[in-house]
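# Overview (structure and organization)
Residues per chain, in single letters:
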Amino acid sequence: MLLSKQLIEQSNNTLLTAHQRKFELAAADINNMNTILQKLIDFQVAIPSWALGTGGTRFGRFSGGGEPGTLEQKIEDIGLLHALNQSSGAISLHIPWDIPSDANAIKKLAAHHHLKFDAVNSNTFQDQKDQLHSYKFGSLHHVDKAVRRQAIEHNIEVIKHGVALGSKSLTVWLSDGSCFPGQLNFRTAWKNTFESLQEIYAALPSDWKLFLEYKAYEPNFYSTTVGDWGQSLLYTAKLGPKAFTLVDLGHHLPNANIEQIVSLLMMEDKLAGFHFNDSKYGDDDLTVGSINPYQLFLIFNELVEGMDAKSMNHATDLAWMIDASHNVKDPLEDLLQSIEAIMIAYAQALIVDTNALKEAQSVNDVVKAQEILQAAFRTDVRPLVAEARMQSGGALQPIQLFRSLKVREQLIQERGVVTVATGL
Ligand code: AFD
Ligand code: MN
Ligand code: MN
């Protein structure tokens with residue numbers, strides 16, 4: 001289904017007076033409002049093709065109905081999100097869950113919904129039907145060269161799919177690791193992985209990037225071969241200038257200082273971008289900003305400061321993507337909440353008084369520094385985010401409109417109650 005501009009405008013009109021009141025109040029304290037609004041309008045967050053169905057755990061999965069069963073329907077769902085918030089203008093494909101049978105037709109369909117193709121993701125953490133060698137004991141780090149070869153070929157295949165769609169980057173996340181002490185020789189595993197990555201890197205088109213995502217544990221519980229940002233950086237630094245480290249917020253050990261990691265990766269020109277989500281304990285893949293919005297703000301604060309220091313384009317120089325799962329919510333509503341949380345944190349970071357902060361830092365005024373950051377974090381920037389959304393043709397209240405238009409009910413009618421989207 002398509003959401004018409006007219007429906008969105010109609011809904012906005014009924015909310016306009018209340019919105020304008022709130023926006024004017026918020027705008028009174030902000031100097032460079034137009035620049036901030038333009039940055040919010042430009043900022044786009046890619047939606048992964050595996051996040052459109054109801055997620056599950058290893059204990060079970062409770063489908064919500066009307067899930068997209070095909071890649072075409074997934075694109076349609078992201079089109080709906082983008083129509084509502086004008087901030088979800090890209091899709092990140094997972095291969096082989098979402099291999100396009102006709103790349104040109106898929107490209108056309110995406111363009112029809114104003115969507116671009118973000119990074120393509122390889123999968124060597126599961127065995128596929130008819131696969132010759134098993135990844136039970138890893139892929140790029142495997143002790144058997146034939147398994148490594150198969151995993152390398154798969155990644156090269158993924159690049160080819162990406163080229164056909166106009167993607168410009170490959171994200172590699174490996175589950176390679178070990179569950180028990182003694183299972184692996186760490187150095188051999190590292191070297192095997194590095195050599196495999198070198199072959200994949202060599203297959204990248206000249207204008208492509210390779211993103212190497214790290215994760216502390218799970219599915220392996222003793223060691224992970226790309227287990228943290230240091231290990232990822234070691235690989236990407238040795239690989240070359242087209243290799244970058246990707247930060248997934250849920251992939252750290254508890255209480256890691258992610259904002260510091262981000263700052264240093266950017267300093268070294270090695271930050272690929274993000275998989276946004278939130279977590280309480282581990283790789284929980286919860287809605288962005290649902291558990292620790294202050295941390296998200298602090299990350300964005302480092303991002304804005306670091307990108308400005310390098311005159312980077314906020315919207316295009318790093319890769320922004322959601323990587324969340326939705327066990328108990330409607331996936332589309334959950335994604336709308338995640339995007340909103342990202343835009344709020346970004347807007348708050350944009351209003352930080354950077355000059356005053358620098359000044360406070362230079363004289364070790366710790367209290368002042370904290371006051372400055374928290375003043376931005378405690379500002380209600382929702383009217384700014386809503387204004388940017390409306391100016392770019394989106395809805396003032398996306399979730400409210402999604403519900404009042406009964407979008408999910410319509411999708412269930414079109415697709416049925418018992419539908420299962422590919423993904424985890
Ligand atoms: C994993 C990683 C990675 C991967 C995805 C698969 O975050 O991004 O592609 O989940 O569902 O946890
Ligand atoms: Mn991820
Ligand atoms: Mn994850």
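Read on for an overview of the structure. (Residues numbered from 1 in each chain as written. Chains lettered and ligands numbered in written order. Predicted model: local features only at pLDDT ≥ 70, side-chain atom pairs only at ≥ 80, totals over all residues.)

## Some points on the overall build of the protein chain
The secondary structure content of the protein chain amounts to 15 helices and 13 strands. Relative to a compact globule of 424 residues, whose C-alpha radius of gyration would be 22 Å, the protein chain shows 22 Å and is just as compact. Across its three principal directions, the C-alpha atoms of the protein chain cover 65 × 60 × 40 Å. Residue pairs in contact within the protein chain that sit at least 24 positions apart in sequence constitute 80% of those at least 6 positions apart. (Helix = DSSP H or I, 4+ residues; strand = E, 2+ residues; numbered from the N terminus. Rg over C-alpha atoms; globule rule 2.2 N^0.38 Å. Contact = placed C-beta atoms within 7 Å.)

## Some thoughts on the packing of helix α6 (residues 186-202) against helix α7 (residues 229-239)
The angle between the axes and the distance between the axes are what describe a pair of packed helices. It is at 10 Å that the axes of α6 and α7 come closest, and there the two elements cross at 45°. When the interaxial angle is binned, α6 and α7 end up oblique. Classified by chirality, the crossing of α7 by α6 is right-handed. Facing α6, whose interface residues are Phe 194, Leu 197, Gln 198 and Tyr 201, α7 presents Tyr 235, Lys 238 and Leu 239. When its residues are assigned to classes, the contact of α6 with α7 shows 5 nonpolar, 1 polar and 1 charged. (Axes fitted to C-alpha atoms, helices over the stretch in contact; angles between N-to-C directions. Parallel < 35°, antiparallel > 145°, perpendicular 65-115°, else oblique. Left-handed = near helix turned anticlockwise from the far one by under 90°. Nonpolar A, V, L, I, M, F, W, Y, C, P; charged D, E, K, R; others polar.)

## Structural notes on the pairing of strand β7 (residues 169-173)
Burial analysis of β7 places 5 of its 5 residues in the buried class, the great majority of the element. Covered by surrounding structure in β7 are Ser 169, Thr 171 and Trp 173 together with Leu 170 and Val 172, the residues of both alternating faces. The pairing of strand β6 (residues 120-121) with β7 spans 2 bridges and is parallel. Pairing of Val 120 across the sheet is with Leu 170, part of β7. Each parallel crossover has a hand, and for β6 linked through helix α5 (residues 145-165) to β7 it is right-handed. (Buried ≥ 20, exposed ≤ 12 C-beta atoms within 10 Å, placed from the backbone. Pairing = 2+ DSSP bridges. Right-handed = clockwise from strand over helix to strand, strands pointing away.)

## Topic: the nonpolar core
In this structure, Leu 40, Ile 91, Phe 211, Tyr 346 and Ala 347 are the most contacted members of the largest nonpolar core, which totals 111 residues. Among residues more than four places away in sequence, those in contact with Tyr 346 are Leu 40, Phe 43 and Phe 300. (Core = buried A, V, L, I, M, F, W, Y, C linked by C-beta atoms within 7 Å.)

## Observations regarding α5
Over its 21 residues, α5 extends 31 Å from the first C-alpha to the last, a length consistent with the 30 Å expected when each residue adds 1.5 Å. Every buried residue of α5 is listed here: Val 147, Arg 148, Ala 151, Ile 152, His 154, Asn 155, Val 158, Ile 159, His 161 and Gly 162. Note on α5: the residue one or two positions beyond its end, Gly 166, has a positive phi of about 95°. (Expected span 1.5 Å × (residues − 1).)

## Here's the deal with the packing of helix α2 (residues 33-42) against helix α10 (residues 331-350)
One can describe the packing of α2 onto α10 by two numbers: an axis separation of 11 Å at closest approach and a directional angle of 150°. Between α2 and α10, the crossing angle belongs to the class labelled roughly antiparallel. Helix-helix and strand crossings are classified by hand; for α2 and α10 the assignment is right-handed. Taking contact as the criterion, the partners of Ile 36, Lys 39 and Leu 40 in α2 are, on α10, Met 343, Tyr 346, Ala 347 and Leu 350. Here the residues of the contact of α2 with α10 sort into 6 nonpolar, no polar and 1 charged.

## Some remarks on the pairing of strand β9 (residues 209-213)
The buried fraction of β9 is high, at 5 of 5 residues. Neither face of β9 is open: one carries Lys 209, Phe 211 and Glu 213, the other Leu 210 and Leu 212, and all of them are buried. Two elements, β7 and β9, share 5 bridges in a ladder whose sense is parallel. Residue pairing across strands places Thr 171 opposite Phe 211, the latter belonging to β9.

## Here we look at unusual backbone geometry
Look at the link from Ile 95 to Pro 96: it is a cis peptide, with omega at 20°. With respect to the secondary-structure elements, Pro 96 resides in the loop between β4 (90-92) and α4 (103-112). In this structure, the amide linkage connecting Glu 218 to the following residue, Pro 219, adopts the cis form with an omega of 10°. Mapped onto the elements of the fold, Pro 219 is located in the loop between β9 and β10 (223-224). Even without being glycine, Asn 255 reaches a positive phi, approximately 70°. Its 7 C-beta neighbours within 10 Å are what place Asn 255 among the exposed residues.

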